[in-house]
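Inside the fold
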Amino acid sequence: VQVGPFHFDSQVLLAPMSGVTDRPFREICRELGAALAASEMIAAAEHLRRGALNLKRMDVRGERAPRVVQIAGADPRMMALAARLAVDAGAQIVDINMGCPAKKVCNAMAGSALLQDEALVQQILEAVVGAVMVPVTLKMRTGWRPERRNGVNVARLAEAIGVKAIAVHGRTRACGYGGAAEYETIQRIKRAVAVPVIANGDIRTPEQAQRVLECTGADAVMLGRAVVGNPWLIRDVDHFLRTGARPAAVGVHELRSTVVRHLDAVHAFHGPRLGARLARKHLKAYLGRCHGGMELWRQVAGMEDARLQRRTVDCFFDRRIGEAQAA
Ligand SMILES: Cc1cc2nc3c(=O)[nH]c(=O)nc-3n(C[C@H](O)[C@H](O)[C@H](O)COP(=O)(O)O)c2cc1C
């Protein structure tokens, strides 16, 4: 996969997810083989106000290259400014969000709501591509409504303006997250443009990833929800696509070292109070994979203290490892 000057061996990308794909999680996913891991979406308008949270979300300095910051908004001028700020903050690729169905974003006519106004899409893409020297990529849905799957038009437009890769979630804006993702429109988009197309939506296993690549002809897959609590899926998919073999299940030692490292990184990056709170959704997802994990989850669910959270999780894995050795 080639995005502007960047070449990737891996065909697996991490999907941007607000509240999930912060720097600690991106780093784990990159280590496990994700070709790219975009920042959480940053709303251009807020971004320009330089709120502390957005500055933190946007700051990708020190992460492994290529670093991607995603921006969202409906005002071409603001989007251009936001793109420049993102580059100043270390972005080597700027990704535009035209995929998010969230009311907060769509009411402001941004995210996937933009897909209904191709003239505005054109203005935004032109403004952003013209504002920065780094490659600009686009993440979008297949269209606005099932009856108006205009993804092919938008993709052609994006390519003509100079967008370097297009990730497509196989649902329309109106679908939200309901029903199953469809890949036929992604296939049509892939046939319509020469830039890399990345297929996204409902990919949960290595076999599914391969089937989606085969049926769409896409250059890569992008994984979202299935990676939460299971970042190893990225490695598994990558391995399967290269070799056709499924790697062994993750052992308790690796599970422990990743969970503890992730927890430490979240506490350090966000500070102990906010970190303890933000770590919860990851912990719940990780623990859901472990025998006895949900019991532990009930203990740590309300914990505000980062050190106690860390110690409780550590003890749990000590016990698990002891039991595995005794068995
Ligand atoms: C909690 C959550 C947050 C998300 N935030 C973003 C975002 O900030 N930017 C974006 O482009 N898509 C966002 N998405 C959409 C995902 O990137 C992805 O397109 C979608 O979840 C479908 O992929 P999946 O079935 O593999 O999860 C989000 C999805 C979820 C579940």
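Residues numbered from 1 in each chain as written. Predicted model: local features only at pLDDT ≥ 70, side-chain atom pairs only at ≥ 80, totals over all residues. Heavy atoms only, no water.

1. Regarding the environment of D117
- Summarising the element assignment, D117 is placed in the loop between α5 (103-106) and α6 (118-131).
- Each C-alpha atom, one on D117 and one on E40, is 24 Å from the other, the two residues being 77 residues apart in sequence. (Helix = DSSP H or I, 4+ residues; strand = E, 2+ residues; numbered from the N terminus.)

2. Quick look at the site of the ligand
- Of all residues adjacent to the ligand, which total 16 residues, the nearest are P16, Q70, N200, D202 and R225.
- Here an oxygen atom of the ligand sits 2.8 Å away from a polar atom, N or O, in the main chain of P16.
- In terms of residue class, the shell around the ligand is made up of 6 nonpolar, 7 polar and 3 charged. (Near = heavy atom within 4 Å. Polar contact = N/O pair within 3.5 Å; in protein donor to acceptor, adjacent residues only side chain to side chain. Nonpolar A, V, L, I, M, F, W, Y, C, P; charged D, E, K, R; others polar.)

3. Quick look at the sheet that holds strand β3 (residues 12-14)
- Spatially, 8 strands are ordered β3-β10-β9-β8-β7-β6-β5-β4 in an open sheet, and the strand pairing comes out parallel. The sheet terminates laterally at β3 and β4 (42-43), the two strands that pair on one side only.
- Running at roughly 160 degrees to strand β5 (residues 68-72), helix α4 (residues 76-88) makes contact with β5 and β6 (93-98) of the sheet. (Pairing = 2+ DSSP bridges. Contact = heavy atoms within 4.5 Å. Axes fitted to C-alpha atoms, helices over the stretch in contact; angles between N-to-C directions.)

4. What about the packing of helix α1 (residues 23-31) against helix α11 (residues 252-270)?
- Orientation of α1 relative to α11, taken along the N-to-C sense of each, is 145 degrees, at an axis distance of 8 Å. Note on packing geometry: the crossing formed by α1 with α11 is right-handed. Contact with α1, carried on its side by R23, P24, F25, I28 and E31, involves T258, R261, H262, A265, V266 and F269 of α11 and no other residues of that element. (Left-handed = near helix turned anticlockwise from the far one by under 90°.)

5. A few points about the nonpolar core
- Membership of the largest hydrophobic core comes to 89 residues, with the highest contact counts inside it found for M98, L125, V128, L138, M140, V221 and L223.
- Setting aside residues no more than four positions away along its own chain, L138 makes contact with D95, I96, M98, L125, V154, A158, V163, A165, I166 and A167. (Core = buried A, V, L, I, M, F, W, Y, C linked by side-chain atoms within 4.5 Å. Buried < 20%, exposed > 50% of the residue type's maximum accessible area, 1.4 Å probe, protein only.)

6. Here we look at empty space enclosed by the protein
- With the rule as written, the count across this model stands at 2 cavities of 30 Å³ or more.
- Within this model, the largest cavity holds a volume of roughly 150 Å³.
- Lining the largest cavity are 18 residues, and of these L13, L36, D95, T137 and M222 lie nearest its centre.
- Broken down by secondary-structure element, the contributors of at least two residues to the lining of the largest cavity are β3, β6, β7 (136-143) and β8 (165-172).
- Split by residue class, the lining of the largest cavity holds 15 nonpolar, 1 polar and 2 charged. (1 Å grid on protein atoms, 1.4 Å probe; cavity = no way out; pocket = protein on both sides within 12 Å on 5 of 7 lines; lining within 4 Å. Points joined across faces, edges and corners; volume = space filled by probe spheres on them.)

7. Notes on the pattern of salt bridges
- Inspection of every chain in the model, using the stated rule, returns 23 salt bridges.
- The salt bridge partner of E31 is R261, with a shortest N-O separation of 3.1 Å. Here E31, found in helix α1, pairs with R261, found in helix α11; they are 230 residues apart in sequence, far enough to count as distant.
- Residue E31 is classed as partly exposed on the basis of its relative accessible area of 43%.
- Each of the salt bridges in this network shares a partner with another, and the network as a whole consists of R256, D264, R310, D314 and D318. (Salt bridge = Lys/Arg side-chain N within 4 Å of Asp/Glu carboxyl O.)

8. Overview of the state of the cysteines
- Counted under the stated rule, the structure contains 0 disulfides.
- The cysteine C290 is free of any disulfide, with C315 supplying the nearest cysteine sulfur at 15 Å.
- Given a relative accessible area of 12%, C290 falls into the buried group.
- According to the relative accessible area criterion, C315 is partly exposed, its value standing at 38%. (Disulfide = S-S within 2.5 Å.)

9. Notes on the packing of helix α13 (residues 293-300) against helix α14 (residues 306-326)
- For the pair α13 and α14, interaxial distance at closest approach is 10 Å and the crossing angle is 165 degrees. Considering their axes alone, α13 and α14 lie roughly antiparallel with respect to each other. Both α13 and α14 take part in a crossing whose hand is right-handed. On α14, the residues touching G293, L296, Q299 and V300 of α13 are T312, V313 and F316.
- Its residues placed into classes, the contact of α13 with α14 shows 4 nonpolar, 3 polar and no charged. (Parallel < 35°, antiparallel > 145°, perpendicular 65-115°, else oblique.)

10. What to know about the side chain of H262
- By secondary structure assignment, the location of H262 is in helix α11.
- Residues within four places of H262 in sequence aside, it is in contact with P24, F25, I28, H282 and Y286.

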